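Here's the letter readout for the chains.
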Amino acid sequence: MLEVLQESLRKAPIVIRGEYPYFIHPISDGVPSLEPELLDEIAEHMINIAGTDYDRIVSIEAMGIPLATALSLKTGVPVSIVRKRQYGLEGEMILSQSTGYSKGELFINGVNKGEKVLVVDDVISTGGTLKALLPALEKMGAQITNVIVVISRGDGAAKMRDMGYEVDTLVKIDVDHDGVSILEVAGEQQ
Ligand SMILES: O=P(O)(O)OC[C@H]1O[C@H](OP(=O)(O)OP(=O)(O)O)[C@H](O)[C@@H]1O
Ligand SMILES: Nc1nc2[nH]cnc2c(=O)[nH]1
């Protein structure tokens with residue numbers, strides 16, 4: 001299951017950002033090369049989890065964009081990207097994002113009251129991003145049907161569950177200075 005994703009994670013290099021061992025992978029960074037087979041495997045898996053019954057796919061720049069695009073092409077569902085830049089459009093929602101290595105603001109546009117929304121992203125780590133985003137989408141009147149994140153590292157997904165949000169993840173990993181270890185793969189017995 002998810003063989004292309006697992007193989008690519010085993011090859012992921014690590015760089016140190018401050019104290020934080022940061023893995024570099026096509027899905028989370030777009031480098032060195034994001035192969036269509038990998039995107040296809042992930043998009044198919046997301047459709048197996050969430051189906052296609054939603055009005056909008058919401059994802060976060062930068063690395064949610066290829067995932068949301070691949071899913072949109074398969075499902076015919078439109079995409080709204082949560083941006084790190086302000087547009088000042090009517091109804092724009094502003095929120096504060098904090099990750100393990102950055103802080104900033106996010107801006108949501110294009111999500112309409114009453115819409116069924118699928119949220120996808122590349123990585124969940126501290127959960128800081130989704131902790132800010134999911135309540136904001138609900139405040140805008142969206143009904144969140146599923147939240148799917150490709151790679152889980154750390155306890156962000158568990159924290160989101162404690163807040164009442166189920167986050168499906170495709171692989172759980174651990175990262176240290178030597179590389180990535182795969183702890184769990186969706187749909188596989190451990
Ligand atoms: O669970 P968290 O600790 O919040 O981390 C997860 C966030 O970190 C990454 O984005 P990043 O802000 O690095 O932006 P990028 O996609 O532009 O690289 C990832 O795409 C998530 O949005
Ligand atoms: N690429 C990448 N994205 C992340 N988002 C949260 N942690 C990480 C990480 O270690 N690597």
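For the structure itself, look to the data block above.
Right, let's walk through the structure included here. What you see is a predicted model; the values in this text were computed from it and never measured. Every chain is numbered independently, its residues counted from 1 as its sequence is written. The naming scheme follows written order: chains are lettered A onward, ligands numbered 1 onward. Side-chain atom pairs in this predicted model are given and counted only at pLDDT of 80 or more, local residue features only at pLDDT of at least 70, and totals for whole chains, interfaces and linings cover all residues. For side-chain calculations, the full set of non-hydrogen atoms in the structure is used, while hydrogens and water are omitted.

What follows covers the overall build of the protein. Only DSSP runs of H or I with at least four residues qualify as helices, and only runs of E with at least two residues qualify as strands; both kinds are numbered from the N terminus onward. Within the protein, the regular secondary structure consists of 6 helices and 10 strands. The C-alpha atoms of the protein give a radius of gyration of 16 Å, which matches the 16 Å a tight globule of 190 residues would have. With the principal axes as the frame, the protein shows a C-alpha extent of 45 × 35 × 30 Å. When a residue's accessible area, from a 1.4 Å probe over protein chains only, is under 20% of the maximum for its type it is buried; when over 50% it is exposed; and in between it is partly exposed. Per-residue burial over the protein gives 51% buried out of 190 residues. Throughout, a residue-residue contact means that at least one pair of heavy atoms, one from each residue, lies within 4.5 Å. Long-range pairs, those at least 24 residues apart, make up 60% of the contacts in the protein between residues at least 6 apart in sequence. Accessible surface, the protein as shown: approximately 9400 Å² in total, 48% of it carbon and sulfur. Residues scored as positive are Lys and Arg, those scored as negative are Asp and Glu, and His as well as the terminal groups of each chain are ignored. For the purpose of locating charges, the reference atoms are NZ of Lys, CZ of Arg, CG of Asp and CD of Glu. Across the protein, the mean location of the 17 positive side-chain charges is 6 Å away from that of the 28 negative side-chain charges. To get the radius of gyration, use the C-alpha atoms; to get the globule rule, take the number of residues to the power 0.38 and multiply by 2.2 Å. For every accessible area listed, the method is Shrake-Rupley and the probe measures 1.4 Å; residues are considered covered only by the protein chains on display.

This part is about the packing of helix H3 (residues 36-50) against helix H4 (residues 65-75). To get an axis, fit a line to the C-alpha atoms, keeping to the stretch in contact for a helix; angles then go from 0 to 180 degrees between the N-to-C directions. It is at 9 Å that the axes of H3 and H4 come closest, and there the two elements cross at 65°. Taken as a pair, H3 and H4 cross one another with a handedness that is right-handed. From H3, Leu39, Asp40, Ile42, Ala43, Glu44, Met46 and Ile47 reach across to H4, where they touch Pro66, Leu67, Ala70, Leu71, Lys74 and Thr75. A breakdown of the residues in the contact of H3 with H4 according to their chemical character gives 9 nonpolar, 1 polar and 3 charged. We call a crossing left-handed when the near helix sits turned anticlockwise from the far one by less than a right angle, and right-handed when that turn is clockwise. Residue classes follow a fixed rule: Ala, Val, Leu, Ile, Met, Phe, Trp, Tyr, Cys and Pro count as nonpolar, while Asp, Glu, Lys and Arg count as charged, and any other residue, Gly among them, counts as polar.

Another point: helix H1 (residues 3-10). Taken residue by residue, H1 has Leu5, Gln6, Ser8 and Leu9 as its buried positions. Buried residues of H1, seen end-on, are gathered within an arc of 165° and therefore sit on one face of the element. Lining the buried residues of H1 we find H3, strand E8 (143-153), strand E9 (168-176) and strand E10 (179-185). By arc we mean the arc of the directions from the helix axis to the C-beta atoms, nothing more.

Below, the discussion takes up the pairing of strand E4 (residues 79-82). Remark: a regular strand shows side chains that alternate across the two faces of the sheet. Side chains of E4 alternate between two faces, with Ser80 and Val82 buried and Val79 and Ile81 left unburied. Where strand E3 (residues 56-60) lies against E4, 4 bridges are found, and the strand directions are parallel. Of the residues in E4, the one forming a bridge with Ser59 is Ile81. Crossover handedness is defined by viewing with both strands directed away from the observer: a clockwise path from the first strand over the helix to the second marks the crossover as right-handed. In this fold, E3 hands off to H4, which returns the chain to E4; that crossover is right-handed. Strands are treated as partners if at least two bridges between them are detected by DSSP.

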